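Structural features, examined
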Amino acid sequence: NVEIALHNTQTNCFLLVNSTTTSDVLYGSRVYFVTSSYMQNSHPGGLSAIRNRCGTDATNYFIGNSGGHRHTSGTSHNALNGFFIGNYGATITWP
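The notes below deal with the structure included here. (Residues numbered from 1 in each chain as written. Predicted model: local features only at pLDDT ≥ 70, side-chain atom pairs only at ≥ 80, totals over all residues. Heavy atoms only, no water.)

Quick notes on the state of the cysteines
What the rule picks out here adds up to one disulfide. Two residues share a disulfide in this structure: Cys 13 and Cys 54, whose sulfurs sit 2.2 Å from each other. Of note, the bridge from Cys 13 to Cys 54 carries an S-S torsion of about -95 degrees and is left-handed in sense. Here the residue Cys 13 occupies a position in strand β2 (residues 12–19), and Cys 54 occupies one in the loop between α2 (47–51) and β4 (56–57), the gap between them amounting to 41 residues. (Disulfide = S-S within 2.5 Å. Helix = DSSP H or I, 4+ residues; strand = E, 2+ residues; numbered from the N terminus.)

Some details on the side chain of Arg 30
Within the element layout of this structure, Arg 30 appears in strand β3 (residues 28–34). Side chain to side chain, Arg 30 and Tyr 32 meet in a polar contact 2.9 Å long. (Polar contact = N/O pair within 3.5 Å; in protein donor to acceptor, adjacent residues only side chain to side chain.)

A look at the environment of Leu 6
One can find Leu 6 in the segment before β1 (8–9). In this structure Leu 6 comes out as exposed when scored by relative accessible area, which is 64%. (Buried < 20%, exposed > 50% of the residue type's maximum accessible area, 1.4 Å probe, protein only.)

What to know about the pairing of β2
Among the eight residues in β2, six count as buried, and that is most of the element. Taken together, the two bridges between β1 and β2 define a ladder with antiparallel strand orientation. Looking at the pairing, Asn 8 lines up with Cys 13 of β2. The antiparallel pairing of β1 with β2 creates a hairpin that spans two residues between the two strands. (Pairing = 2+ DSSP bridges.)

So, in C-alpha coordinates, the structure goes:
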(Lines give C-alpha, C1' and ligand atoms only; values in the text may rest on other atoms or scores of the structure.)
Protein backbone atom coordinates (compact mmCIF):
# COMPACT_ATOMS: atom_id res chain seq x y z
CA ASN A 1 0.00 0.00 0.00
CA VAL A 2 1.05 3.52 -0.67
CA GLU A 3 1.65 5.66 2.36
CA ILE A 4 -0.17 8.72 1.09
CA ALA A 5 0.75 10.83 4.10
CA LEU A 6 4.48 10.54 3.35
CA HIS A 7 3.99 12.38 0.06
CA ASN A 8 2.91 15.70 1.51
CA THR A 9 5.11 18.36 -0.02
CA GLN A 10 4.93 20.58 -3.06
CA THR A 11 7.60 18.53 -4.85
CA ASN A 12 6.29 15.14 -3.71
CA CYS A 13 2.50 15.43 -3.69
CA PHE A 14 0.14 12.47 -3.62
CA LEU A 15 -3.62 12.96 -3.49
CA LEU A 16 -6.21 10.27 -2.87
CA VAL A 17 -9.62 10.72 -4.49
CA ASN A 18 -12.31 8.12 -3.94
CA SER A 19 -15.33 8.36 -6.20
CA THR A 20 -18.22 5.95 -5.86
CA THR A 21 -19.92 7.23 -9.01
CA THR A 22 -19.41 4.51 -11.60
CA SER A 23 -19.88 6.91 -14.51
CA ASP A 24 -17.09 9.14 -13.21
CA VAL A 25 -13.69 8.87 -14.93
CA LEU A 26 -12.24 9.07 -11.42
CA TYR A 27 -14.22 6.03 -10.17
CA GLY A 28 -12.56 4.08 -7.36
CA SER A 29 -9.84 4.88 -4.82
CA ARG A 30 -7.25 6.45 -7.04
CA VAL A 31 -3.86 7.96 -6.24
CA TYR A 32 -2.49 10.95 -8.11
CA PHE A 33 1.01 12.41 -8.20
CA VAL A 34 0.47 16.12 -8.81
CA THR A 35 3.46 18.01 -10.11
CA SER A 36 4.77 21.21 -8.64
CA SER A 37 4.76 22.77 -12.11
CA TYR A 38 1.02 22.14 -12.51
CA MET A 39 0.28 23.58 -9.08
CA GLN A 40 2.25 26.74 -9.83
CA ASN A 41 1.39 27.30 -13.47
CA SER A 42 -1.89 25.64 -14.39
CA HIS A 43 -4.27 25.10 -11.50
CA PRO A 44 -6.91 27.86 -11.51
CA GLY A 45 -7.01 27.93 -7.70
CA GLY A 46 -3.28 28.45 -7.47
CA LEU A 47 -0.51 26.66 -5.65
CA SER A 48 -1.99 26.61 -2.16
CA ALA A 49 -5.27 25.03 -3.30
CA ILE A 50 -3.42 21.77 -3.95
CA ARG A 51 -0.33 22.09 -1.77
CA ASN A 52 -2.42 22.19 1.40
CA ARG A 53 -3.97 18.84 0.48
CA CYS A 54 -0.80 16.95 -0.46
CA GLY A 55 -0.56 13.65 1.39
CA THR A 56 -4.27 13.53 2.18
CA ASP A 57 -7.55 12.08 1.08
CA ALA A 58 -8.75 14.96 -1.07
CA THR A 59 -12.09 13.37 -1.96
CA ASN A 60 -14.29 15.86 -0.13
CA TYR A 61 -12.42 18.77 -1.59
CA PHE A 62 -12.35 17.48 -5.13
CA ILE A 63 -15.77 15.90 -5.66
CA GLY A 64 -17.56 17.17 -2.57
CA ASN A 65 -18.19 20.76 -1.68
CA SER A 66 -15.47 21.29 0.88
CA GLY A 67 -13.30 24.30 0.27
CA GLY A 68 -16.02 26.16 -1.57
CA HIS A 69 -15.54 24.58 -5.00
CA ARG A 70 -16.84 21.41 -6.61
CA HIS A 71 -14.72 19.97 -9.38
CA THR A 72 -17.56 18.62 -11.47
CA SER A 73 -16.47 19.50 -14.97
CA GLY A 74 -14.94 17.07 -17.40
CA THR A 75 -12.04 19.49 -17.71
CA SER A 76 -11.24 19.20 -14.00
CA HIS A 77 -11.52 15.43 -14.01
CA ASN A 78 -9.46 15.03 -17.16
CA ALA A 79 -6.74 17.28 -15.75
CA LEU A 80 -6.52 15.20 -12.57
CA ASN A 81 -6.73 11.96 -14.53
CA GLY A 82 -3.47 12.95 -16.25
CA PHE A 83 -1.73 12.59 -12.86
CA PHE A 84 -3.14 9.12 -12.09
CA ILE A 85 -0.43 6.71 -10.89
CA GLY A 86 -2.46 3.81 -9.56
CA ASN A 87 -5.24 2.48 -7.40
CA TYR A 88 -4.96 2.79 -3.64
CA GLY A 89 -3.80 -0.49 -2.14
CA ALA A 90 -1.95 -1.61 -5.30
CA THR A 91 1.75 -1.39 -6.00
CA ILE A 92 2.36 2.06 -7.41
CA THR A 93 5.33 3.45 -9.28
CA TRP A 94 5.79 7.08 -10.17
CA PRO A 95 8.42 9.28 -11.76
